[in-house]
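In case you want the letters, here they are:
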2 protein chains.
Amino acid sequence: MASKEMYELGSQASVIRDLFAYGQAQAAVVGTENVFDFSIGNPTVPAPACVKNAIKDILDTRESAAVHGYTAAAGDVAVRQGLADYMNTTYHAQVRADNFYMTCGAAASLTVTLKALVESGDDEVILIAPFFPEYTVFIHNAGAREVILPPDITHFQISLEAMGKAITPHTRAVIVNSPNNPAGTVYSAETYTKLAALLTKKSKEMGHPIYLIADEPYREIIYDGLPVLYVPEFYTDTIICYSYSKSLSLPGERIGYVLVPDCAADAQMVYAAVCGAARAMGFVCAPHLFQEVVLQCLGQTSDIGVYDANRKLLYDGLKAMGYECVYPSGAFYLFVKSPEPDANAFSEKAKKLNLLIVPADSFGCPGYVRVSYCVEPAMIKRSFGAFQALMKQYQ
Amino acid sequence: MASKEMYELGSQASVIRDLFAYGQAQAAVVGTENVFDFSIGNPTVPAPACVKNAIKDILDTRESAAVHGYTAAAGDVAVRQGLADYMNTTYHAQVRADNFYMTCGAAASLTVTLKALVESGDDEVILIAPFFPEYTVFIHNAGAREVILPPDITHFQISLEAMGKAITPHTRAVIVNSPNNPAGTVYSAETYTKLAALLTKKSKEMGHPIYLIADEPYREIIYDGLPVLYVPEFYTDTIICYSYSKSLSLPGERIGYVLVPDCAADAQMVYAAVCGAARAMGFVCAPHLFQEVVLQCLGQTSDIGVYDANRKLLYDGLKAMGYECVYPSGAFYLFVKSPEPDANAFSEKAKKLNLLIVPADSFGCPGYVRVSYCVEPAMIKRSFGAFQALMKQYQ
């Protein structure tokens, strides 16, 4: 006596959650120090000091209703103005407070944007493998269908040939996620330039704009001095979905935004639909205290140097052992090619060594595993024996 | 190039929001002290001291990841255990941690519950006028249709005769909201007993359970020593939607829960569907810091005595002027009969006196207005001249 679809979604086993639970149970058996859990993407670097300072400052200086009361549905206007100023200074974005809709985190940003854009059950949203598996759940919630582009396992950029073929009159949007979960790759300016040319041409052909949804929770977690690109500068019909979960290590606080820049086609209509979609799903407003916190922490991040050090340690370590790894340029995931075609079998062998890594089949990229390195550096070092023993089985 | 339905939802004018905005604008013209804004239900009584103390204590004693990290999707298990213990002690509820799903507030509790229960587009959800207008938006989001019971303007309880007629084979759920927004009334034990008998009989007749969704954000805001009733004690197939927005004056923080007690039909299946629905809509987890805060504030509330004093002041004052008022037993709304049949015309006349009250047409109860008394007591006193002048127009 419940929705069968929702029941199934709610009871599905999750590879990542199951691995994490297995790790907790194993820790009790073999000791925490002998379990090497690279399964989840929960930031381990603490939130920067500005977060705690901001909360205390806000609590000490403002009245309760001004801290904990409802904000406008789109978010406090001073917060949104602060965001606009920051984006204009940092990326020359030319945006206004009214282009921002504050959300309960990245997932909400996406569900709201998709529900705002999707018009009919025939609508299609293009995903580029490897992709975050919840995208398909969110697309179905909006009433559309996903069209999955096979991974470009040479460069982990975008196969424009495949994209060109995948676009149909039903294509409503394309989701890009750079820095990428799970591949740890970053799209180049060249990739965006070519993608923009293709989408512009195809939008004209199809007679309607194809929106680019840029899902950017890892925007600032980028290495080797690579530039952070402002996607609407390449393709005007872009909607940005952002979250502070990773940049400020606040995943549990559910705070982010949707940015519909004026340059996007029918921007005002899309923005109003974003407001309507959030209303329909019962979001009301983003958590108020953390709206104020992100305003006070603009431009700050958790210590990304820790992730960078982990990245080098893990990448160099695994390469030296003979693992084939995708060079990680952003986020905190190392994408490793399974030494046997079946990454599930490989992950099972790893599990027997208490090494918890995620087969990328559910990310649309069989034959690879995701190794999350938002972990204690000491654990990476301790894990090398197990990684070595694992590789030995293939030599 | 956006969903027409979402665009319309997002661009609809809101009577309440428009009145509030008008009030802000008028204040600049005639002075804040000469505008009497009874339009919105934003709690004015500050959050109790335990909220601020809990936040500071948590920030000072725990590590960042333990405060701001993801919790389980259903919420931190210690928080849910605390809630279960509290409900068991206070209401002999016999519930477990796993009966609770923490949400981003009352609206999320409802959208998630409705989406979990609705199986097909033929499904119907019964609303009892007067009702919170967003219910219809949430029902549509779940893909069902609302069936509206006319108000019982004699007692503002539930017309069981009307309910009996409204139930069809498609009836999936009934939403009750006591203490009631906008009527300020509270359902009696007698009402629940009779309702339970009817729903039990009709569930049998229809061959499937008809769920009762008890939307209880005002649960503890109740006067004259009236008891707080635990609805599943009357009707087992009850799902409780709760929020701390009003009881702890935290509407902007978006924290509440869905409680699916074991006594409800197919409880485990419904609970799993609640998990699935929250996942589909992108809720991920309820805000973490405030999950911990409500655990530390169990059983505490804002100073309800302030609302009680406002209630008496306003009720006695308006009665003395000749207004016909529904006796307010809970929440912080006084429901007043319009002296002319058209409550919109009445509200317009009030607006000319800078008296901002909400016609109840959108609440499904034409001929009445809602007067929110979660306001400064001094404003109530200052408003009496305007209320008097307004009544004079009808004498």
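- The name given to chain A in an unreviewed UniProt entry is Aminotransferase, and the organism recorded there is Megasphaera cerevisiae DSM 20462.
- On record in UniProt, under Sequence similarities (unreviewed entry), the comment for chain A is "Belongs to the class-I pyridoxal-phosphate-dependent aminotransferase family."

Here's the deal with the environment of B:L195
Residues and elements named next belong to chain B.
Right, so step 1: Topologically, L195 is positioned in helix α9 (residues 189-206).
Right, so step 2: Among the residues examined, L195 registers a relative accessible area of 1% and is labelled buried.
Right, so step 3: Counting along the chain gives 40 residues from L195 to Y235, while the straight-line C-alpha distance between them is 8.2 Å.
Right, so step 4: Not counting the four nearest positions on each side in its chain, L195 is found in contact with I158, L160, M163, V176 and L212.

Describing the UniProt feature "domain: Aminotransferase class I/classII large" (unreviewed entry) in chain A
Right, so step 1: UniProt marks residues 34-382 of chain A with the feature "domain: Aminotransferase class I/classII large" (unreviewed entry), using the numbering shown here.
Right, so step 2: Secondary structure within residues 34-382 of chain A divides into 39% helix and 15% strand; the distance between the first and last C-alpha atoms comes to 8 Å.

Focus on the domain arrangement of chain A
Residues and elements named next belong to chain A.
Right, so step 1: What the domain assignment reports for chain A is domain 1 (4-48 + 302-392) and domain 2 (66-296).
Right, so step 2: Just the C-alpha atoms count here: the centres of domain 1 and domain 2 sit 27 Å apart.
Right, so step 3: In this complex, domain 1 contributes 29 residues to the contact, which on the side of domain 2 involves 31 residues.
Right, so step 4: Overall, the association of domain 1 and domain 2 removes approximately 2300 Å² of surface from exposure, summing both partners, and the carbon and sulfur fraction of that is 64%.
Right, so step 5: Counting the contacts that link domain 1 with domain 2 gives 1 salt bridge.

Looking at the interface of chain A and chain B
Right, so step 1: Between chain A and chain B, the residue contacts involve 70 residues of the former and 70 residues of the latter.
Right, so step 2: Of the roughly 5700 Å² buried between chain A and chain B, counting both surfaces, carbon and sulfur atoms make up 60%.
Right, so step 3: Counting the surface chain A buries against chain B, the share from its top three residues, A:M1, A:Y70 and A:R279, is 16%.
Right, so step 4: Applying the counting rule to chain A against chain B returns 4 salt bridges.
Right, so step 5: Between B:R279 and A:E134 there is a salt bridge; the shortest N-O distance is 2.7 Å.
Right, so step 6: Where chain A packs against chain B, one counts 30 residue pairs in polar contact (both at pLDDT 80 or more).
Right, so step 7: For the side of chain A that touches chain B, the elements supplying multiple residues, two or more each, are α1 (4-11), α3 (49-61), α4 (64-68), α6 (106-117), α7 (134-141), α10 (267-281) and α11 (288-296) of chain A.
Right, so step 8: Here the side of chain A that touches chain B gets 10 residues from one element, more than from any other, and that element is α10(A).

Some words on α7(A)
Residue and element names in this part refer to chain A.
Right, so step 1: Summarising burial for α7: 7 of the 8 residues are buried, a large majority.
Right, so step 2: Burial in α7 covers these residues: E134, Y135, T136, V137, F138, I139 and N141.
Right, so step 3: Of the residues flanking the end of α7, it is G143, one or two places downstream, whose phi is positive at about 90 degrees.

Points about the packing of α7(A) against helix α10 (residues 267-281) of chain B
Right, so step 1: Closest axis-to-axis distance for the α7(A)/α10(B) pair is 8 Å, and the angle between their directions is 95 degrees. If you check the angle between α7(A) and α10(B), you find them roughly perpendicular. Where α7(A) approaches α10(B), its residues A:E134, A:V137, A:F138 and A:N141 are matched on the opposing element by B:R279, B:A280 and B:M281.
Right, so step 2: Residues belonging to the contact of α7(A) with α10(B) are distributed by class as follows: 4 nonpolar, 1 polar and 2 charged.

Quick word on the relation of the copies chain A and chain B
Right, so step 1: Between the two copies, chain A and chain B, the superposition gives an RMSD of 0.0 Å; the rotation angle is 180 degrees and the shift along the axis is 0.0 Å. Both chain copies can therefore be described as sitting about a two-fold axis.

A few points about the side chain of A:N141
Right, so step 1: Inspection of the secondary structure puts A:N141 in helix α7.
Right, so step 2: Once residues lying within four places of it in the same chain are set aside, the contact partners of A:N141 are A:K115, A:M281, B:K115, B:A280 and B:M281.

Looking at the environment of B:P251
Right, so step 1: Position of B:P251 among the secondary structure elements: in the loop between β7 (238-243) and β8 (256-259).
Right, so step 2: Overall, the relative accessible area of 1% leaves B:P251 in the buried class.
Right, so step 3: Along the chain, B:P251 and B:S383 lie 132 residues apart, while their C-alpha atoms are 26 Å from each other.
Right, so step 4: Apart from residues lying up to four places away in sequence, B:P251 is in contact with A:H68, A:G69, A:Y70, B:N42, B:P43 and B:S245.

Some remarks on the side chain of A:S372
Residues and elements named next belong to chain A.
Right, so step 1: Position of S372 among the secondary structure elements: in strand β12 (residues 368-372).
Right, so step 2: A distance of 3.2 Å separates a polar atom in the side chain of S372 from the backbone oxygen of I40.
Right, so step 3: Aside from chain neighbours lying at most four places away, what touches S372 is F38, S39, I40, G41, F332 and Y333.

Overview of the sheet that holds β7(B)
All names here are of chain B.
Right, so step 1: Taking strand neighbours across the sheet as the criterion, the 7 strands line up as β2-β8-β7-β6-β5-β3-β4 in an open arrangement whose pairing is mixed. Each end of this open sheet is capped by a strand with a single partner; those strands are β2 (100-103) and β4 (145-149). Strand-to-strand, the axes of this sheet are offset by a mean angle of 20 degrees, without reference to chain direction.
Right, so step 2: Relative to β4, strand β3 (residues 124-128) runs parallel, the two sharing 5 bridges. Bridge pairing in β4 links V125 to E146.
Right, so step 3: Sheet contacts for helix α6 (residues 106-117): β2, β3, β5 (171-176), β6 (211-215), β7 and β8; angle to β7, the most-contacted strand, approximately 155 degrees.

Let's talk about the sheet that holds β12(A)
Residue and element names in this part refer to chain A.
Right, so step 1: Taken in spatial order, the 3 strands make up an open sheet running β9-β12-β11, and their pairing is antiparallel. Here the strands that pair on one side only, and so sit at the sheet edges, are β9 (333-337) and β11 (358-359).
Right, so step 2: Strand direction decides the pairing type here: β11 and β12, joined by 2 bridges, are antiparallel. Residue pairing for β12: V358 is matched across the bridge by R370.

Regarding unusual backbone geometry
Right, so step 1: In this model, A:A129 is joined to A:P130 through a cis peptide bond whose omega is -5 degrees.
Right, so step 2: By the secondary structure assignment, A:P130 is in the loop between β3 (124-128) and α7.
Right, so step 3: The linkage connecting B:N181 with the following residue, B:P182, adopts the cis geometry, with an omega of 20 degrees.
Right, so step 4: At A:S249, a position not held by glycine, the phi torsion is positive, near 55 degrees.
Right, so step 5: Tracing the backbone through its elements, the reader meets A:S249 in the loop between β7 (238-243) and β8 (256-259).
Right, so step 6: You can call A:S249 buried: its relative accessible area is 4%.

Brief notes about the pairing of β9(A)
Residue and element names in this part refer to chain A.
Right, so step 1: When you tally the buried positions in β9, you get 4 out of 5 residues, the bulk of the element.
Right, so step 2: Note: β9 against β12, 5 bridges, orientation antiparallel. By the bridge assignment for β12, F335 is matched with R370.

Quick notes on the packing of helix α12 (residues 304-321) of chain A against helix α14 (residues 377-392) of chain A
Helix packing for two helices is described by the angle between their axes and how far apart those axes are.
Residue and element names in this part refer to chain A.
Right, so step 1: Following both chains from N to C, one finds α12 and α14 inclined at 15 degrees, their axes separated by 10 Å at the closest point. Between α12 and α14, the angle falls in the class roughly parallel. When you trace α12 past α14, the crossing you get is right-handed. In contact with N310, L313, L314, G317, L318 and M321 of α12, α14 contributes P377, I380, K381, F384, F387, Q388 and M391.
Right, so step 2: Here the residues of the contact of α12 with α14 sort into 9 nonpolar, 3 polar and 1 charged.

Rules used in this analysis
- Residues numbered from 1 in each chain as written.
- Chains lettered and ligands numbered in written order.
- Predicted model: local features only at pLDDT ≥ 70, side-chain atom pairs only at ≥ 80, totals over all residues.
- Heavy atoms only, no water.
- UniProt positions renumbered as here; feature names shortened; annotations may be inferred.
- Helix = DSSP H or I, 4+ residues; strand = E, 2+ residues; numbered from the N terminus.
- Buried < 20%, exposed > 50% of the residue type's maximum accessible area, 1.4 Å probe, protein only.
- Contact = heavy atoms within 4.5 Å.
- Domains from an automatic or database assignment.
- Buried area = accessible area lost by both parts, 1.4 Å probe.
- Salt bridge = Lys/Arg side-chain N within 4 Å of Asp/Glu carboxyl O.
- Polar contact = N/O pair within 3.5 Å; in protein donor to acceptor, adjacent residues only side chain to side chain.
- Axes fitted to C-alpha atoms, helices over the stretch in contact; angles between N-to-C directions.
- Parallel < 35°, antiparallel > 145°, perpendicular 65-115°, else oblique.
- Nonpolar A, V, L, I, M, F, W, Y, C, P; charged D, E, K, R; others polar.
- Least-squares fit on C-alpha atoms with pLDDT ≥ 70 in both.
- Pairing = 2+ DSSP bridges.
- Left-handed = near helix turned anticlockwise from the far one by under 90°.

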